[in-house]
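Architecture and fold: a report
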Amino acid sequence: MKVISTLLLMPVLFLFSGCVPSELVFRELPEDPAAPVTVAAFLPLTGNNRIYAEQMKEGLSAAETRINALTGISGRKLKVQYFDTAGSAEGTRNALKQAQDAGAIAAIAGYDTGEVSMLISHADRLRMPMVIPLATSDYHTQTSSFVYRNCFTDLQQMEMLAAYILYWRKVSKGAIITDLDGDEEYTRGISRNFTQAINDQGGTIVGTVTLKPDSTLSEEQIRYLLMNEPNFIMLSARGKRVAQMIKSIREAGFIGIICGPDSWDDSEVTDALQGIHPGECIFTAFFSEENSNREFKAFRKEFRRNFYHYPGACETQSYDALVFLAIALNNAENLLEFDRNWCTIKNYPGAAAIYTMQKKGNIDRTIYLKSFGVEKSGGTLRPFARLSKKLQYSKLKDYQVIE
């Protein structure tokens, strides 16, 4: 921890001295001016999240093409090289070694919270800036001064959800279900930050349930929660298990709000909800197809032409992450110059959101709130995700006052 604290303070200590410590100097580019700038994309191409990795790869490929069609990086072409972490510790070590041997000077880091945590622990040693497109843990950018993000954090998305529940829906008493199946670090982080956000804004959590991996939500657990008469239930879970628990909670008679994090914005969830009326639900998202800014429209059109389908959250977040990494790397030989470039990104209309980058890895960006609409086709209920609100995180307090 002492070493980490020192590294985090170094940019401040040397900002005005004109001296850049070797620990903050990036690896040198090849002497040949025609050689490209190599950026590593650490993705779980053969792991449990390989489907999302392929989506990220398409977004990164689209960004690489755009960057090279403009000015590249520092007058050189950008080369994105993909390294398979397999979503495991051993795979991560191998991928990092391969990227180092390939001369990568920066990286796009992983998909989920656990994968990213394994990657960024090596950022200082490799002197490699890493940008996180999708993993939301608040602790990631506190780990190293080399770590940046274009995704919102767990606390930011939970503050937005709490504001919606308390200020727009005018209810204040809730419960939390934490599912440890899958990415335990992520679901625990969501529940912890949701509790903090609700308490900070004057609400109350009246009951909590934690599900062990491979276990199901029991009638006893649901009865315990409902006996405390919550107005809303946070379901910190992922994938098909979200749909299963929504169904069980509704069948038990709960008619209040069921809410969730960004992991709900996934076709796996809506596909598993077929035949179920989910009732009133609200969840956060990185991306909405109803985004009206020019950058998204141009990106969407070009992406469709090249990949034969429209982009989703993984593609747009990855695209933006690489664009921002290129901006920060341009003519930057050390972390101080990188950070200075990174902080020039202000009110930037990216493909996924409006972004303003802040010091110490903090970020202000758009957070989307989505709900489930329901279509009835051939007698079958077909829930689908739809946009409810689009809010800039920095304006949250203003919205609270207005409402």
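Residues numbered from 1 in each chain as written. Predicted model: local features only at pLDDT ≥ 70, side-chain atom pairs only at ≥ 80, totals over all residues. Heavy atoms only, no water.

Concerning the environment of Ser172
Definition in use: Note on conventions: DSSP H or I runs of at least 4 residues are helices, E runs of at least 2 residues are strands, and numbering of each starts at the N terminus. Note on contacts: a residue pair is in contact if any heavy atoms of the two residues lie within 4.5 Å.
Here Ser172 lies in the loop between helix H7 (154-168) and strand S6 (173-179). Each C-alpha atom of the pair Ser172 and Gly202 lies 7.5 Å from the other, and the pair is 30 residues apart in sequence. Every residue in contact with Ser172, bar those within four places of it in the chain, is listed here: Leu166, Gly203, Thr204, Asn231 and Phe232.

Regarding the confidence of the model for the protein chain
For clarity, the threshold we go by: Summary of the metric used: pLDDT quantifies the predictor's per-residue confidence within the range 0 to 100.
Here the protein chain averages 93 in pLDDT, and 94% of its residues register 70 or above. Taken as a whole, residues 1-17 scores under 50 in pLDDT and shows 17 contacts with residues more than four places along the chain or in a different chain.

Digging into the side chain of Arg149
In plain terms, the rule: Only protein chains enter the calculation, and the probe is 1.4 Å; a residue is then buried if its accessible area is under 20% of its type maximum, exposed if over 50%, and partly exposed in between. His residues and chain termini do not enter the charge count, which takes Lys and Arg as positive and Asp and Glu as negative. Take a side-chain nitrogen of Lys or Arg and a carboxyl oxygen of Asp or Glu: if they are within 4 Å of each other, that pair is a salt bridge. Any pair of nitrogen or oxygen atoms within 3.5 Å is treated as a polar contact; in protein, a donor-acceptor pairing is required on top of that, and neighbouring residues in sequence qualify only through side-chain atoms on both sides.
Inspection of the secondary structure assignment puts Arg149 in strand S5 (residues 147-149). Buried within the structure, Arg149 lacks any salt-bridge partner; Asp138 is the closest side chain of opposite charge, at an N-O distance of 6.2 Å. Within the structure, Arg149 has its side chain in polar contact with the backbone oxygen of Ser137 (distance 3.0 Å). Within the structure, the side chain of Arg149 is placed 3.2 Å from the backbone oxygen of Cys151, a separation counted as a polar contact. Leave out the neighbours within four places in its chain, and Arg149 touches Val131, Ile132, Ala135, Thr136, Ser137, Asp138, His140, Thr141, Trp342, Met357, Gly361 and Ile363.

Observations regarding the nonpolar core
What counts here: Joining through side-chain atoms within 4.5 Å is the link that ties buried Ala, Val, Leu, Ile, Met, Phe, Trp, Tyr and Cys residues into a set, and such a set is a nonpolar core.
One finds Phe42, Met130, Phe194, Leu322 and Phe338 to be the most contacted residues of the largest nonpolar core, which totals 100 residues. Considering every element that reaches this core, the biggest residue donor is helix H13 (residues 313-329), with eleven residues. Dropping the residues within four chain positions of it, Leu322 is found in contact with Val39, Leu60, Ala63, Glu64, Ile67, Leu78, Val80 and Ile108.

Describing the environment of Trp168
Tracing the backbone shows Trp168 in helix H7. The spacing of Trp168 and Asp398 is 230 residues in sequence and 13 Å in space, taken between C-alpha atoms.

Brief notes about the sheet that holds S5
Rule in force here: The criterion for strand pairing is that DSSP finds at least two bridges linking the strands in question. Fitting a line to C-alpha atoms yields each axis, with helices limited to the stretch in contact; the angle taken between N-to-C directions then spans 0 to 180 degrees.
Pairing is parallel across the open sheet formed by five strands, whose spatial order is S2-S1-S3-S4-S5. At either margin of the open sheet sits one strand with a lone partner, and together these are strand S2 (78-84) and S5. Averaged over neighbouring strand pairs, the angle between their axes works out to 25° when direction is ignored. As paired strands, strand S4 (residues 130-132) and S5 are joined by three bridges and run parallel to one another. Considered in S5, the bridge of Val131 is made with Tyr148. Running at roughly 165° to S2, helix H2 (residues 50-69) makes contact with strand S1 (37-43), S2 and strand S3 (106-109) of the sheet. Helix H4 (residues 113-120) contacts S1, S3, S4 and S5 of the sheet and is inclined by roughly 165° relative to S4.

What about the pairing of strand S9 (residues 257-260)?
Under the convention used in this document: Call a crossover right-handed when, viewed with both strands pointing away from you, the route from the first strand across the helix to the second goes clockwise.
Going residue by residue along S9, you find Ile257 and Cys259 tucked away on one face and Ile258 and Gly260 tucked away on the opposite face as well. When strand S8 (residues 232-236) meets S9, the two strands line up parallel, connected through three bridges. Across the sheet, the residue bridging to Phe232 is Ile257, located in S9. Each parallel crossover has a hand, and for S8 linked through helix H10 (residues 240-251) to S9 it is right-handed. In terms of strand pairing, S9 meets strand S10 (residues 281-285) through three bridges, oriented parallel. Bridge assignment links Gly260 to a residue of S10, and that residue is Phe283. Each parallel crossover has a hand, and the one from S9 via helix H11 (residues 267-272) to S10 is right-handed.

Observations regarding H10
Short version of the rule: Here a helix's expected span is defined as the number of its residues, less one, multiplied by 1.5 Å.
Spanning twelve residues, H10 covers 17 Å between terminal C-alpha atoms, matching the ideal 16 Å at 1.5 Å per step. What H10 keeps buried is the set Arg241, Val242, Ala243, Met245, Ile246, Ile249 and Arg250. Gly253 sits one or two residues past H10 and shows a positive phi near 105°.

Some words on the packing of aromatic side chains
Going by this rule: Two aromatic rings, drawn from Phe, Tyr or Trp (for Trp, its six-membered ring), form a pair once their centres lie within 6.5 Å of each other, and the interplanar angle then sorts them: stacked below 30 degrees, edge-to-face above 60, tilted otherwise.
For the coordinates displayed, the defined rule picks out 20 aromatic pairs. Taken together, a centroid distance of 6.0 Å and an interplanar angle of 80° make the contact between Phe26 and Phe338 edge-to-face. Taken as a pair, Phe26 in the loop between helix H1 (2-13) and S1 and Phe338 in helix H14 (residues 335-342) lie far apart in primary sequence, 312 residues in all. Phe338 carries the same exposure label as Phe26, and that label is buried.

Examining the side chain of Thr38
Tracing the backbone through its elements, the reader meets Thr38 in strand S1. Owing to a relative accessible area of 9%, Thr38 belongs among the buried residues under this scheme. When residues no more than four places from it in sequence are discounted, the contact partners of Thr38 are Lys79, Gln81, Ala102, Gly103, Ala104, Ile105 and Ala106.

Regarding the pairing of strand S12 (residues 354-357)
As paired strands, strand S11 (residues 348-349) and S12 are joined by two bridges and run antiparallel to one another. Paired with Tyr348 across the two strands is Tyr355, which belongs to S12. Linking S11 to S12, which pair antiparallel, is a turn of four residues. Across three bridges, the pairing between S12 and strand S13 (residues 363-377) is antiparallel. Residue pairing across strands places Thr356 opposite Asp364, the latter belonging to S13. As consecutive antiparallel partners, S12 and S13 are separated by five residues, and within that stretch Lys360 has a phi angle of approximately 60°, a positive value.

Details of the packing of H2 against helix H12 (residues 294-307)
Under the convention used in this document: Throughout, the term roughly parallel applies to angles under 35 degrees, roughly antiparallel to angles over 145, roughly perpendicular to angles from 65 to 115, and oblique to all others. Three classes are used, and their members are as follows: Ala, Val, Leu, Ile, Met, Phe, Trp, Tyr, Cys and Pro are nonpolar, Asp, Glu, Lys and Arg are charged, and the others, Gly among them, are polar.
The geometry of H2 relative to H12 is characterised by a closest axis approach of 11 Å and an angle of 110° between their N-to-C directions. Put simply, H2 runs roughly perpendicular to H12. Between H2 and H12, the contacting residues are Glu58, Gly59, Ser61, Ala62 and Arg66 on the first element and Glu295, Phe299, Phe303 and Phe307 on the second. Split by residue class, the contact of H2 with H12 holds four nonpolar, two polar and three charged.

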